[in-house]
Amino acid sequence: MLPAGVIADHGRHPGFRTGPAACYILAAMKSSQITIPQPDDWHVHLRDDAMLSTVVPDTARHFARAIVMPNLKPAITHSAAAAEYRARILAALPRGSTFEPLMVCYLTDHTDATDLSAGAAQGIFTAAKLYPAGATTNSAAGVTDVTKLDNVFEAMSVSQVPLLVHGEVVDDDIDVFDREAVFIERILAPLRARHPQLRIVLEHITTAEAVAYVAAADPDLLAATITPHHLSVNRNAMFQGGLRPHMYCLPIVKRERHRRALESAACSGDSHYFLGTDSAPHPRADKESACGCAGIYNSPTALATYLEVFERANALDNFSAFAAENGARFYRLPLNETLVTYTRSQTPLETAPVSESGVVIFQPPFALHWQELKRDV
Ligand code: NCD
Ligand code: ZN
């Protein structure tokens, strides 16, 4: 947690925090303002080419840094490709932006451990990503058998490069809603037993099983990102009055009890959990199709959604930990020095339903009220 005073004003008087009368007053008062170090997005898809230039400003507007996923076509599998991709991201930034993209190596069955370690030593790679082959968008070149990469994981353990994991098994006989829980049992637990010093982020967790598994580990060795959509909708959202392709992502959203477990985990401020939007834009026609792609575009609404979730859980005191501190600490990076103040408007915000380039933007099933008021650089 930050020293007292950095989180300036939640619209509550400290004296109102205990006792039944205090609860009544708290419920009656609406928090109005919160000041935290600028948040980072520890999991985002910025894509490439025309899409890159339209989505980068939406991430750079809100976040100081982001872990940029490498599942391009072709994937970012070498440090030279990562350096070039990073330059394209920087070139797409709005003038004056100080946004910092943090690059990730896409692991394949043939990953060159020497290039990965050298890229990490040069500051090109911040982490490496494990996509089980066939698990999600652009994962065809991913890993077919994790045991083939034991030498890579050994090198990553030594050089302390975090392994980011898309935690789903893809076997046909495993129900799509069980893929994450089965992955933890069959793949992740044995992998961690083989490489006890490997530092791992289980990305975009979606289940109570994942929350419990991560909670039991040393937070310096195992952490998890949580998305705004997994915090705000359950699987009913995909079938509300018909098939809703814009609510389809992987790992797929789960039952309400899982959403609640994620909400408790994120809102606890526990250092195992931090913000990762998994914002994953696809052209509208690719989503609204007979075989629509997985991925939800939420960069424009993500922060407002997270803030609303924390407010509804009466947990704004823990928002800084989740959005601006836990991730930086896991990645051993300094907290951002810029302080951002968010304010709650009395009336719901009007948010655009689609981006300028026509990508449908995620809207949670509740009104949004929080927006940035000011920055102190
Ligand atoms: C992501 C994408 O579109 O790149 N899709 C998604 O549903 N989350 C890939 C991923 O993170 O799984
Ligand atoms: Zn992702």
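Conventions used here
Residues numbered from 1 in each chain as written. Chains lettered and ligands numbered in written order. Predicted model: local features only at pLDDT ≥ 70, side-chain atom pairs only at ≥ 80, totals over all residues. Heavy atoms only, no water. Helix = DSSP H or I, 4+ residues; strand = E, 2+ residues; numbered from the N terminus. Rg over C-alpha atoms; globule rule 2.2 N^0.38 Å. Lys, Arg positive; Asp, Glu negative; His and termini not counted. Charge placed at Lys NZ, Arg CZ, Asp CG, Glu CD. Donors = N, O, S within 2.8 Å, 3.2 Å for Na, K, Ca; no water. Tetrahedral: all angles 85-135°; square planar, octahedral: opposite > 155°, others 65-115°. Buried < 20%, exposed > 50% of the residue type's maximum accessible area, 1.4 Å probe, protein only. Near = heavy atom within 4 Å. Polar contact = N/O pair within 3.5 Å; in protein donor to acceptor, adjacent residues only side chain to side chain. Areas by Shrake-Rupley, 256 points an atom, 1.4 Å probe, with all protein chains shown as cover. Nonpolar A, V, L, I, M, F, W, Y, C, P; charged D, E, K, R; others polar. Contact = heavy atoms within 4.5 Å.

Trainee: Can you help me understand the overall build of the protein chain in this one?
Mentor: Each helix and strand counted, the protein chain has 12 helices and 11 strands in total. The C-alpha atoms of the protein chain give 20 Å as radius of gyration, which agrees with the globular expectation for 377 residues (21 Å, within 12%). Once the C-alpha set of the protein chain is aligned to its principal axes, its extents read approximately 60 × 45 × 45 Å. In the protein chain, 32 side chains carry a positive charge and 41 a negative one; their mean positions are 4 Å apart.

Trainee: Explain the coordination of the zinc ion (ligand 2) to me, please; I cannot follow it from the model alone.
Mentor: Between any two of four tetrahedral donors, the ideal angle at the metal is 109.5 degrees; between two of six octahedral donors, it is 90 or 180 degrees. Taken together, the protein ligands of the zinc ion (ligand 2) are His43 (NE2), His45 (NE2) and Asp278 (OD), with distances of 2.0 Å. What the 4 donor atoms of the zinc ion (ligand 2) show is an angle range of 93 to 141° at the metal, which sorts the shape as irregular. In the primary sequence, the donor residues of the zinc ion (ligand 2) line up as H-x1-H-x232-D. Separated by 235 residues along the polypeptide, His43 in strand S2 (residues 41-44) and Asp278 in the loop between strand S9 (273-275) and helix H10 (284-287) bring together distant segments of the chain. Given a relative accessible area of 5%, Asp278 falls into the buried group.

Trainee: Where do I start with the site of ligand 1 in this structure?
Mentor: Inspection of the region around ligand 1 gives 15 residues, with Arg47, Asn71, Thr136, Leu250 and Asp278 positioned closest. Contacts to ligand 1 include Asn71, whose side-chain N or O atom sits 2.8 Å from an oxygen atom. Bound to the protein, ligand 1 loses 100% of the 310 Å² it would expose on its own. Classifying every residue of the shell around ligand 1 by side-chain character gives 4 nonpolar, 9 polar and 2 charged.

Trainee: Which parts of the structure should I look at to understand the side chain of Asn326?
Mentor: With respect to the helices and strands, Asn326 occurs in helix H12 (residues 319-330). In this structure Asn326 comes out as buried when scored by relative accessible area, which is 5%. Only 3.0 Å separates the side chain of Asn326 from the backbone oxygen of Tyr273, close enough to count as a polar contact. Dropping the residues within four chain positions of it, Asn326 is found in contact with Gly269, Asp270, Ser271, Tyr273, Phe274 and Ala321.

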